[in-house]
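Listed below, chain by chain, are the residues.
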Amino acid sequence: MSRDRGTQSRQGGRKAGGSARLSAAARRRASLAAAMEIFLAEGYERTTMRRIADALGVTPTTLYLHFPDKSALLTEICDESFALLAAEFARPEISEAPPLDALRQLLDVYVAFGLAHPREYRLIFMTEIPPHLGGHRVRPGAAARPDNGQLAFAALEAIVRRLVADGVFRPGDPVVIAEAIWAAAHGLVSLLIAMPHFPWSDRARLVDAVAEMVRQGWVRA
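Computed from a predicted model, the values in this text were never measured in an experiment. (Residues numbered from 1 in each chain as written. Predicted model: local features only at pLDDT ≥ 70, side-chain atom pairs only at ≥ 80, totals over all residues. Heavy atoms only, no water.)

(A) Quick look at the overall build of the chain. When helices and strands are counted, the chain shows 11 helices and zero strands. Each helix and strand of the chain, placed in order from N terminus to C terminus, yields the pattern α-α-α-α-α-α-α-α-α-α-α. Classification of the 221 residues of the chain by burial places 36% in the buried group. Sequence separation of at least 24 residues holds for 66% of the intrachain contacts in the chain that already meet a minimum separation of 6. Just so you have it, the chain exposes about 12,600 Å², and 57% of that area is on carbon and sulfur atoms. (Helix = DSSP H or I, 4+ residues; strand = E, 2+ residues; numbered from the N terminus. Buried < 20%, exposed > 50% of the residue type's maximum accessible area, 1.4 Å probe, protein only. Contact = heavy atoms within 4.5 Å. Areas by Shrake-Rupley, 256 points an atom, 1.4 Å probe, with all protein chains shown as cover.)

See below:
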């Protein structure tokens, strides 16, 4: 019995030692991954730093060395995911294309991003998160540089503004139009993620249908 306790103690020591040997960068990555899983499973509001630390096998004090609170964890998860999306939107084949073609390509990229990163997409767009992380535009009077989420939406808004200014789209508020297009694309992505076993039509045809709805709704006759 004492040997069993000794074995368990040594095993626990090895486990703790392995965790302690993680580099700061690796521990940060592990913390973000653990936090995302717990946010998704239990909800942001119910998650505590102690719960995340327990999942990592470290003390809360160790976790606090890297992140001051759970909001910082969620902010970094969101910012990293939006950085990937913003980079995709900035691809030359989109930024240099005629605006109507660019909009169609952007819809493709958005849907592909959501399906390639379904857990991140669920957390950012399909769960309740604090209001300060939900903005897609820079608030009036804000001095801070746009974050990656705002940059991603700005790419869509810029295309819509060109379409309105060039007379391709009917006159309207570009921000409202961009939000409506985003809502349509989000509806498709969220359903594809939430209902993977539904016998969906081909994805390209579904994106084509969303693009055609946009065309019919906003392109000048």
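Still more to cover.
(B) Representation of the nonpolar core. Counting 57 residues, the largest nonpolar core has F39, F169 and I181 as its most contacted members. Of all the elements in the fold, those that place two or more residues in this core are helix 2 (24-42), helix 3 (49-56), helix 5 (70-89), helix 7 (99-116), helix 8 (118-125), helix 9 (148-165), helix 10 (174-194) and helix 11 (203-218). Not counting residues up to four positions away in its chain, the partners in contact with F169 are L100, L103, V160, L163, V164, I177, I181, V214, W218, V219 and R220. (Core = buried A, V, L, I, M, F, W, Y, C linked by side-chain atoms within 4.5 Å.)

(C) View of the environment of E157. Considering the arrangement of structural elements, one finds E157 in helix 9. It is 6.5 Å that separates the C-alpha atoms of E157 and P174, two residues lying 17 residues apart in sequence.

(D) Broad picture of the environment of P146. When you line up the elements, P146 lands in the loop between helix 8 and helix 9. Here the alpha-carbon distance between P146 and H136, two residues 10 residues apart in the chain, equals 9.2 Å.

(E) Up close: helix 10. The end-to-end C-alpha distance of helix 10, which contains 21 residues, comes to 30 Å, matching closely the 30 Å that a straight helix rising 1.5 Å per residue would cover. All buried positions along helix 10 are accounted for by P174, V175, I177, A178, I181, A185, L188, V189, S190, L192 and I193. For helix 10, the secondary structure elements touched by its buried residues are helix 7, helix 8, helix 9 and helix 11. N-capping of helix 10 is provided by D173, with a side-chain oxygen placed 2.9 Å from the backbone N of V175. (Expected span 1.5 Å × (residues − 1). Polar contact = N/O pair within 3.5 Å; in protein donor to acceptor, adjacent residues only side chain to side chain.)

(F) Examining the side chain of S31 more closely. Within the secondary structure, S31 is located in helix 2. According to the relative accessible area criterion, S31 is buried, its value standing at 0%. In this structure, S31 is in contact with I52, L56, L63, F67 and L73, ignoring residues within four places of it in sequence.

(G) Molecular detail of the pattern of salt bridges. Scanning the model with the defined rule gives 10 salt bridges in all. The residue R28 makes a salt bridge to E76 at a minimum N-O spacing of 2.5 Å. Of the two residues, R28 sits in helix 2 while E76 sits in helix 5, which places them 48 residues apart along the sequence. Residue R91 pairs with E93 through a salt bridge whose shortest N-O separation is 3.0 Å. With a relative accessible area of 40%, E93 lands in the partly exposed category. In the salt-bridge network here, residues are joined through shared partners; they are E88, R91 and E93. (Salt bridge = Lys/Arg side-chain N within 4 Å of Asp/Glu carboxyl O.)

(H) Main features of the confidence of the model for the chain. When pLDDT is averaged along the chain, the result is 86, and 85% of the positions lie at 70 or above. Mean pLDDT across the elements of the chain bottoms out in helix 1 (residues 2-20) (43) and peaks in helix 10 (96). Segment residues 1-18: pLDDT under 50, and zero contacts once partners within four positions in sequence are set aside and those in other chains are kept. (pLDDT = per-residue confidence, 0-100.)

(I) Just a nonpolar patch on the surface, in detail. A contiguous nonpolar patch, built from L191, M195 and F198 and spanning about 270 Å² of accessible area, is present on the exposed surface. With respect to the element layout, L191 can be found in helix 10. Judged by relative accessible area, which is 39%, L191 ranks as partly exposed. (Patch = residues over 30% accessible without salt bridge, like charges linked within 9 Å, V, L, I, M, F, W, Y side chains within 5 Å.)

(J) Inspection of the packing of helix 10 against helix 11 at higher detail. Where helix 10 contacts helix 11, the axes come no closer than 11 Å and their chain directions differ by 160°. If you check the angle between helix 10 and helix 11, you find them roughly antiparallel. Note on packing geometry: the crossing formed by helix 10 with helix 11 is right-handed. Residues I177, I181, A184, L188 and L192 of helix 10 form the contact with helix 11, whose participating residues are R203, L206, V207, V210, V214 and W218. Of the residues that constitute the contact of helix 10 with helix 11, the class distribution is 10 nonpolar, no polar and one charged. (Axes fitted to C-alpha atoms, helices over the stretch in contact; angles between N-to-C directions. Parallel < 35°, antiparallel > 145°, perpendicular 65-115°, else oblique. Left-handed = near helix turned anticlockwise from the far one by under 90°. Nonpolar A, V, L, I, M, F, W, Y, C, P; charged D, E, K, R; others polar.)

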